[in-house]
Amino acid sequence: AIDAPCRDAARHFSTEKSAPHILIEGDNYHALTCLNYTHRGKIDVIYIDPPYNTGSDGFTYKDKRILTQFPDGSPVPKEHPLRHSYWLSFMSKRLELAKNLLSDKGVIFISIDDNEQANLKLLCDKVFGEDNFVANAMWHKNYASANDSKTFSSVLDYILIYRKSDKFLRNLLPRTEKQNQLYKYDSKDGKGLWRPDNLSVRTYSANYDYPITNPNTGIAYNPPKGRSWMTNKEKVEQWIAETRVYFGLDGKGAPQLKRYLSEVQQGVVPTTYWSYEDCGHNDEARREVKMLFGQPPFDSPKPTKLIMQILRLSASKFS
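Attention here is on the structure that accompanies the text.

1. Regarding the sheet that holds strand E6 (residues 102–112)
Read from one edge to the other, the open sheet built from five strands follows the order E3-E6-E8-E7-E19, with strand pairing classed as mixed. A strand with exactly one partner marks an edge of an open sheet, and here the two such strands are strand E3 (43–48) and strand E19 (273–274). Taken together, the five bridges between E3 and E6 define a ladder with parallel strand orientation. Pairing of Ile46 across the sheet is with Ile108, part of E6. Set on the sheet, helix H2 (residues 83–101) makes contact with E3 and E6; between it and E6 the angle comes to about 150 degrees.

2. Focus: the side chain of Gln309
Along the chain, Gln309 falls in helix H8 (residues 304–314). Leaving out residues up to four positions away in the same chain, Gln309 has contacts with Leu173, Trp274 and Cys279.

3. Observations concerning the nonpolar core
The biggest cluster of nonpolar side chains holds 26 residues, and the ones touching the most others in it are Phe59, Met91, Leu95, Ile108, Leu120, Cys124 and Phe128. Elements supplying a minimum of two residues to this core: H2, E6, helix H3 (117–128) and strand E8 (156–163). A per-element tally of this core places H2 first, with eight residues. Val107, Cys279, Leu306 and Leu313 belong to the second-largest nonpolar core, a separate cluster that totals 14 residues.

4. What to know about the side chain of Thr231
Along the chain, Thr231 turns up in the loop between strand E15 (228–229) and helix H5 (233–241). We classify Thr231 as buried; its relative accessible area is 13%. Setting aside residues no more than four positions away along its own chain, Thr231 makes contact with Tyr208, Tyr210, Val236 and Trp239.

5. So, the packing of aromatic side chains
Counted by the stated rule, this structure contains eight aromatic pairs. Ring plane angle 65 degrees and centroid distance 5.0 Å describe the contact between Trp194 and Tyr246, whose orientation is recorded as edge-to-face. Placement of Trp194 in strand E11 (residues 193–197) and of Tyr246 in strand E16 (residues 245–246) is noted, with a sequence separation of 52 residues between them. Taken together through their ring pairs, the aromatic side chains of Phe128, Phe133 and Tyr162 make up a single cluster. Taking the ring centre of Phe90 as reference, the NZ or CZ of Arg94 above it sits at 3.8 Å. Seen from the ring of Phe133, Lys121 lies directly overhead, with NZ or CZ sitting 4.4 Å from the centre.

6. Here we look at H8
For H8, the full list of buried residues reads Leu306, Gln309, Ile310, Leu313 and Ser314. Down the axis of H8, the buried side of the element spans an arc of 110 degrees, and every buried residue falls inside it.

7. A word on the packing of H2 against H3
The description of two helices packed together rests on the angle between their axes and the distance between the axes. Relative orientation of the contacting elements H2 and H3 amounts to 35 degrees, with a least axis distance of 10 Å. In this structure, H2 crosses over H3, and the sense of that crossing is right-handed. Only Asn119, Leu120, Leu123, Cys124, Val127 and Phe128 of H3 make contact with H2, whose side of the interface consists of His84, Trp87, Leu88, Met91, Ser92, Leu95, Glu96 and Lys99. When its residues are assigned to classes, the contact of H2 with H3 shows nine nonpolar, three polar and two charged.

8. A closer look at the sheet that holds E11
One open sheet accounts for four strands, arranged E10-E11-E17-E16; its pairing is antiparallel. Across the chains shown, the open sheet's two edge strands, defined by having one partner strand only, are strand E10 (185–186) and E16.

9. Digging into unusual backbone geometry
The residue Asn53 is not glycine, and still its phi comes out positive at about 60 degrees. Note that Asn53 resides in the loop between E3 and strand E4 (60–61). The exposure class assigned to Asn53 is buried, which follows from its relative accessible area of 0%. One non-glycine residue with positive phi stands out, namely Thr243, at about 55 degrees. Among the secondary structure elements, Thr243 is positioned in the loop between H5 and E16.

Quick notes on the rules
Each residue is numbered by its place in its chain's sequence as written, counting from 1. In keeping with the predicted nature of the model, local features appear solely for residues at pLDDT of at least 70, side-chain atom pairs appear and are counted solely at 80 or more, and the whole-chain, interface and lining totals rest on all residues. Heavy atoms throughout the structure, all of them, feed into the side-chain values; hydrogens and water do not. In this description, strands pair whenever DSSP reports at least two bridges between them. Helix and strand labels come from DSSP, where a helix needs a run of H or I of at least four residues and a strand needs a run of E of at least two; each type is numbered from the N terminus. Working rule for contacts: check all heavy atoms of both residues, and any pair within 4.5 Å makes them a contact. Axis definition: a line fit to C-alpha positions, over the contact stretch in the case of helices; interaxial angles, taken between N-to-C directions, run 0 to 180 degrees. Among buried residues, those of type Ala, Val, Leu, Ile, Met, Phe, Trp, Tyr and Cys that are joined through side-chain atoms within 4.5 Å constitute a nonpolar core. Exposure is judged per residue with a 1.4 Å probe applied to protein chains only, and the accessible area is read against the type maximum: over 50% gives exposed, under 20% gives buried, and values in between give partly exposed. Any two of the Phe, Tyr and Trp rings considered here, Trp counted by its six-membered ring, make a pair once their centres fall within 6.5 Å; the pair's planes then place it as stacked at under 30 degrees, edge-to-face at over 60, or tilted in between. Charge over a ring is defined by NZ of Lys or CZ of Arg lying within 6 Å of the ring centre and within 35 degrees of the ring normal. The directions from the helix axis to the C-beta atoms are what the arc is built from. Each crossing gets its handedness from the near helix: less than a right angle anticlockwise from the far helix is left-handed, clockwise is right-handed. In this classification, the charged set is Asp, Glu, Lys and Arg, the nonpolar set is Ala, Val, Leu, Ile, Met, Phe, Trp, Tyr, Cys and Pro, and all remaining amino acids, among them Gly, are polar.

As structure tokens, then:
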């Protein structure tokens, strides 16, 4: 149950298989304040989708000096001289409250676009600390570009990611079938599927700069200029004896390493580029909301796949 400050504004949902959920209706600042009474330091994952301050997204700012004239806040057009200042003040108060809600292993994801991305990064550095910056992910929100754009077609939104402390451990992403399809060879040696991989590395080391001789042709190969082999000569000779080094389908090529699927980690380290294939796109989000409400009750909804991506990366009990 939730404490008295916002009990009347809460709706509780639960099923036999899930813990109770709480939906709080009301101003986000008031909701965050109430949650600080009941859930301070207990939240592991926060996702927020604040107003982007585009000048036409409905962002309003409550100025105490004119609350009698604009009790719900006054609109902030794009040409307003204090547009960015108002927005940063609005966000600062809410981010401070959100930070207090996070557990020591907690993490926050914040959607934003080019209008305030640079300012939000600096504000988050101040609120959460520069050392707690995790990543600035780019979500490919549109599967098609807008040909009527006067300059560049914007197809990316940003998701700033900050942790509460160094106790946050991001999850690996599940491997996709497409990634596993790269492992298409089987030497019938009991080690399973493998793919050829580079045997050289970018870092040059004189100790790892030696010729590797193809035992089938007698041709010696040196690492490409500025690179070296990934290990010493003795180890490579052991790999050749174990048929771990691959010399092409005909056995007459340059050395490569056999990378076995069974030896790679079961998950994939996430990148800062999130494709619409994995995380959905804006049109998909609008269709999802339309199925629920008939007509979308708000602009710029986010697709379920995007939220699933966030939970996969951060939630300790999620599949």
